[in-house]
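# Report on the structure
What follows is the residue order along each chain.
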Amino acid sequence: MEDKALNELWERYRSGRATSEDEAFLESWYLKNNQLPLFQITDKERVEDVDQVWDDIQKKQASKKLNRRYRLAAAAAITLFAFTGIYCLLYQKTQTPISKTDVNPGKNQATLTLANGKKLILGNAISGQLANEGGVTISKNAQGELIYSTHTSGNLQQSGGQINTLATSKGEQYQVILPDGSHVWLNAASTLKYPVAFTGNERLVELSGEAYFEVAHNRAMPFKVKTDLQEVEVLGTHFNINAYRDEKTTATTLLEGSVKVTTVSSNQKMIIKPGQQSNVSDHTFTIQPVDTDEAIAWKNGYFLFNDESLASIMKKISRWYNVEVDYKDIALQSLVFSGTVSKYQNVSQVIKTLELTNAVHFKVLDKRITVSN
Amino acid sequence: MVPRPTIFWNTEIMDHYSSSSDEQLMLLLKKDDHKAYAQIYDRYKFILHAHAVNKLRDREEAMDIIQEVFTYLWAKREQIEFTGSLSGYLYGAVRNAILNKMSRKRVHEKYHNSMKAFALQEQIVTDHRVRENLLRKSIEREIAMLPPKMKAVFIMSRNEYLSHREIAWKLEISEQTVSKQITNALKILKVKLGVTIYLLVIMYL
């Protein structure tokens, strides 16, 4: 066979004009054409490649669906902002009783575990002194914040080793003022561990879930927040950490000052500046500029989404309303939305606003939301 | 007494998708079931990818092929007529996509020597059904080159009722090492693959 004949054969195949003889030849050759040695590829590369392909397919399918609905979604996003304002004004204090097809918003509630293992449920009802741990008074003020105050007479060395745990479950949030005056807002399904008094040369707390910190300045005693994947070290600043265990990355967003993020896995260090967010996962560490309002919207009482995937949006809704979420079609998870809604209204109001985009529909039954298209 | 291992399946794969036959998955796919589509991908990704890598000897190109075949499978799920088995369709689709890729200008010239030698010495198989069978055998033979955990994804998800002994035989490893292999595979699968197969092996006397 000549090169010319082969070129023509390939050309016929490429343009869909191959005869059955052409196909028989090409396909028979294909079966025999096994080159040696085997192409070297590691197991890790195989897994990476097939996962990458699946991600690409998903993205393509989602963006196709989105393009079709883009105009509607854009129009709806504007409506969504407008509606939000009206909802906030009209329904600020309304709390309709829970029904099978609706869910009330979460509330200011948490469980405090004292050093001796005693558990206290912190709600809105009680205020005043709750406990005394080694000379540190734990009380609750009228704003519903938990406050640690040190008495000069107390034995700080002794109380320093005593660890308290403040935990919220889904549908709860809480605020605490730590013994150094640092203020921490704890989001739903989160846990903060801290000593009742800071002693030694650092202020170390442990977090899982999400919290916003306003750290009191103390150059002599750096404030450290430990999570599964990273450690954040600050002198005194305002920042938000999102370290939910069901998220792949831990996001640290800085509003004021500067913080140093160190990864647990590789001990890599980076400094973040205000307006930046670091993202740490098992293998990656990146920093990018972000809309800080988005990161702390939860603390200010609303949901704010900028091109956020439905999967991520529903995770936040599920944590705050304590609901389970099912998808009729997992491709829906990659739909992207923008908008803002108050989080102090029933879930029906939030999903109604999302439904205005006409890209998704929801059914609520017994604290379970089913997403369909 | 001989150790009698038992295999438990994680609830994630106890769902009817992973235990569905290829035929059931084809029907569900026709009904726009995206989970069935995802299951087909999980079941065939390693074997098809391994085949494409061997033939093209290029990671990027192999990824293009898999993406092309599966994108088409979803986009044309209503029109595709599965005349035979799902695996037969996928093997044929991957081969055609690879031949197509080879046919692009300039690329195909590097195969000319091999094709000339083939034209001189080898028998051309004219019956396309015979070719399909040879293709199936050749692709499924390639699974032997995959590490056990990846064979497991393909073999076990297709035959989830297999006994431990049969798995040992299929994977060509001794029965005693099955649980160890699977435990190792599990670690990687759990971390890397998420919702694929996830087994727990308990040995007892």
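Residues numbered from 1 in each chain as written. Chains lettered and ligands numbered in written order. Predicted model: local features only at pLDDT ≥ 70, side-chain atom pairs only at ≥ 80, totals over all residues.

## Observations regarding the overall build of chain B
- Of regular secondary structure, chain B possesses 10 helices and 2 strands.
- Reading chain B from its N terminus to its C terminus gives the helix and strand order β-α-α-α-α-α-α-α-α-α-α-β.
- Within the span of chain B, comprising 205 residues, buried residues form 32% of the whole. (Helix = DSSP H or I, 4+ residues; strand = E, 2+ residues; numbered from the N terminus. Buried ≥ 20, exposed ≤ 12 C-beta atoms within 10 Å, placed from the backbone.)

## Re the overall build of chain A
- Counting its regular elements, chain A contains 7 helices and 24 strands.
- Looking at the 373 residues of chain A, the share that counts as buried comes to 33%.
- Contacts in chain A between residues far apart in sequence, at least 24 positions, make up 52% of those at least 6 positions apart. (Contact = placed C-beta atoms within 7 Å.)

## Topic: the interface of chain B and chain A
- Each side of the interface is counted separately: chain B has 42 residues, and chain A has 36 residues.
- For the side of chain B that touches chain A, the elements supplying multiple residues, two or more each, are α3 (34-56), α4 (59-75), α5 (86-103), α6 (112-121), α7 (128-141) and α10 (175-193) of chain B.
- Counted by class, the side of chain B that touches chain A contains 20 nonpolar, 12 polar and 10 charged residues. (Nonpolar A, V, L, I, M, F, W, Y, C, P; charged D, E, K, R; others polar.)

## A few points about the pairing of strand β18 (residues 276-280) of chain A
Residues and elements named next belong to chain A.
- In terms of burial, β18 is largely enclosed, as 4 of its 5 residues are buried.
- Two elements, strand β15 (residues 250-256) and β18, share 4 bridges in a ladder whose sense is antiparallel. By the bridge assignment for β18, T250 is matched with V280.
- Here β18 hands over to strand β19 (residues 285-289) after 4 residues, the two strands then running antiparallel side by side. (Pairing = 2+ DSSP bridges.)

## Re the sheet that holds strand β21 (residues 324-327) of chain A
Residues and elements named next belong to chain A.
- With mixed pairing, the 3 strands of this open sheet are ordered in space as β21-β24-β23. One side of each edge strand has no neighbouring strand; the edge strands of this open sheet are β21 and β23 (361-365). When the angles between neighbouring strand axes are averaged without regard to direction, this sheet yields 20°.
- Contacts from helix α7 (residues 347-355) reach β23 and β24 (368-372), with the element oriented near 165° to β23. (Axes fitted to C-alpha atoms, helices over the stretch in contact; angles between N-to-C directions.)

## Details of the packing of helix α2 (residues 20-32) of chain A against α7(B)
- Following both chains from N to C, one finds α2(A) and α7(B) inclined at 20°, their axes separated by 10 Å at the closest point. Judged by the inter-axis angle, α2(A) sits roughly parallel to α7(B). Judged by the twist between their axes, the crossing of α2(A) over α7(B) is left-handed. Residue-level inspection shows E27(A), S28(A) and L31(A) of α2(A) in contact with α7(B), the latter providing R131(B), L134(B), L135(B) and S138(B).
- Of the residues contributing to the contact of α2(A) with α7(B), the split by class is 3 nonpolar, 2 polar and 2 charged. (Parallel < 35°, antiparallel > 145°, perpendicular 65-115°, else oblique. Left-handed = near helix turned anticlockwise from the far one by under 90°.)

## Some words on α5(B)
- In a regular helix each residue adds 1.5 Å, so 18 residues correspond to 26 Å; α5(B) covers 26 Å between its end C-alpha atoms and thus fits that length.
- Its buried side turned inward, α5(B) meets α1 (3-14) and α2 of chain A together with α3, α4 and α7 of chain B. (Expected span 1.5 Å × (residues − 1).)

## What to know about the pairing of β15(A)
All names here are of chain A.
- Alignment of strand β14 (residues 238-243) against β15, held across 5 bridges, turns out to be antiparallel. Among the inter-strand pairings, H238 is bridged to a residue of β15, identified as E256.
- Hairpin connection of β14 to β15: 6 residues between the antiparallel strands.

## Remarks on the nonpolar core
- Counting residues in hydrophobic clusters, the biggest one holds 42 residues, and the most contacted among them are I47(B), L48(B), A52(B), I65(B), I66(B), V69(B) and V94(B).
- In terms of residue count, α3(B) provides more of this core than any other element does, 10 residues in total.
- Residues L166(A), A197(A), F198(A) and V232(A) belong to the second largest nonpolar core, which totals 38 residues. (Core = buried A, V, L, I, M, F, W, Y, C linked by C-beta atoms within 7 Å.)

## Brief notes about the packing of α1(A) against α5(B)
- Two numbers describe how α1(A) lies on α5(B): the axes approach to 9 Å, and their chain directions differ by 125°. Considering their axes alone, α1(A) and α5(B) lie oblique with respect to each other. For the pair α1(A) and α5(B), the crossing hand works out as left-handed. Contact residues: α1(A) offers W10(A), Y13(A) and R14(A), while α5(B) offers L99(B), N100(B) and S103(B).
- A breakdown of the residues in the contact of α1(A) with α5(B) according to their chemical character gives 3 nonpolar, 2 polar and 1 charged.

## A few points about unusual backbone geometry
- With phi around 60°, N267(A) is a residue other than glycine that occupies positive phi space.
- Mapped onto the secondary structure, N267(A) falls in the loop between β16 (259-263) and β17 (269-272).

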